[in-house]
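# Observations on the model geometry
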There are 2 protein chains.
Amino acid sequence: MTPGQKDFPNCPVRKAMTLIGSKWKVLLLQSLRDGRLRYGELLRRLPDISEKMLIHELKELVAVGLVAKHAYPEIPPRVEYWLTESGQQALPVVDSIVVFGRQHL
Amino acid sequence: MTPGQKDFPNCPVRKAMTLIGSKWKVLLLQSLRDGRLRYGELLRRLPDISEKMLIHELKELVAVGLVAKHAYPEIPPRVEYWLTESGQQALPVVDSIVVFGRQHL
């Protein structure tokens, strides 16, 4: 149970917005839709995100199981992120957001 | 041009999230999808929203043209809200959020 959802455990909108309801999360899901990306690649694709925010948003997406990560035991360290099956279920939301956004540019 | 969008004026995700990227805005769009509602009805449908937040979110939705309002010159005052054509274009986003949320309850 997450904040904002405790009084409405069966509300799909509240649940979904808790999981993916930030600009950065939607942009991260969009960035990862075509496959694995390294941390540095994500940072380059979102030039307006701070490292602190990127780390925070990735951590939350990993914690709820929408994104998976693997840290390779290499020097320099290599960490890759990708969408889980649950994360891929969010892609229709991303698609509809892109359509709506294009209608309002 | 709105905050968070100024460096990426052609990004549909950033634009869309600026317009409808809050839990309350999505819940308000969903509440208004079946027709006009009075202010008090909106408040009843979202029992966890504060009046301050409801007024703020409605004001933003009206300002960007997704929601329209009309104040009837009556006593007691009657104010009704409804989705504009632009606001109805956001309903596919609401639908996809509901589907995703149900998959994750």
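Scroll up to find the structure this text is about.
Right, let's walk through the structure included here. (Residues numbered from 1 in each chain as written. Chains lettered and ligands numbered in written order. Predicted model: local features only at pLDDT ≥ 70, side-chain atom pairs only at ≥ 80, totals over all residues. Heavy atoms only, no water.)

Summed over the entire model, instances satisfying the criterion amount to one cavity of 30 Å³ or more. Approximately 70 Å³ is the volume found for the largest cavity. Around the largest cavity, the lining residues are Met17(A), Ile20(A), Gly21(A), Val26(A), Val93(A), Ile97(A), Met17(B), Ile20(B), Gly21(B), Val26(B), Val93(B) and Ile97(B). Taken together, the elements giving at least two residues each to the lining of the largest cavity come down to α1 (12–20) and α6 (91–103) of chain A together with α1 (12–20) and α6 (91–103) of chain B. Class assignment of the residues belonging to the lining of the largest cavity gives a composition of ten nonpolar, two polar and no charged. (1 Å grid on protein atoms, 1.4 Å probe; cavity = no way out; pocket = protein on both sides within 12 Å on 5 of 7 lines; lining within 4 Å. Points joined across faces, edges and corners; volume = space filled by probe spheres on them. Helix = DSSP H or I, 4+ residues; strand = E, 2+ residues; numbered from the N terminus. Nonpolar A, V, L, I, M, F, W, Y, C, P; charged D, E, K, R; others polar.)

Glancing now at the packing of helix α2 (residues 23–32) of chain B against α6(B). All names here are of chain B. At a minimum axis separation of 10 Å, α2 and α6 run at an interaxial angle of 105°. Considered as vectors, α2 and α6 are oriented roughly perpendicular to each other. Along the contact surface, α2 presents Val-26, Leu-29 and Gln-30, while α6 presents Leu-91, Val-94, Ile-97 and Val-98. (Axes fitted to C-alpha atoms, helices over the stretch in contact; angles between N-to-C directions. Parallel < 35°, antiparallel > 145°, perpendicular 65-115°, else oblique. Contact = heavy atoms within 4.5 Å.)

At the junction of the two partners, chain B supplies 38 residues and chain A supplies 38 residues. The junction of chain B with chain A conceals about 3,100 Å² of combined surface from both sides, 75% of it contributed by carbon and sulfur atoms. Three residues stand out in chain B for area buried against chain A, namely Val13(B), Met17(B) and Phe100(B), and they jointly supply 20% of the buried area on that side. Taken together, the connections running from chain B to chain A amount to two salt bridges. Between Arg14(A) and Asp48(B) there is a salt bridge, and its shortest N-O distance comes to 2.7 Å. Inspection of the region where chain B meets chain A yields five residue pairs in polar contact (both at pLDDT 80 or more). Every element with two or more residues in the side of chain B that touches chain A is listed here: α1, α2 and α6 of chain B. (Buried area = accessible area lost by both parts, 1.4 Å probe. Salt bridge = Lys/Arg side-chain N within 4 Å of Asp/Glu carboxyl O. Polar contact = N/O pair within 3.5 Å; in protein donor to acceptor, adjacent residues only side chain to side chain.)

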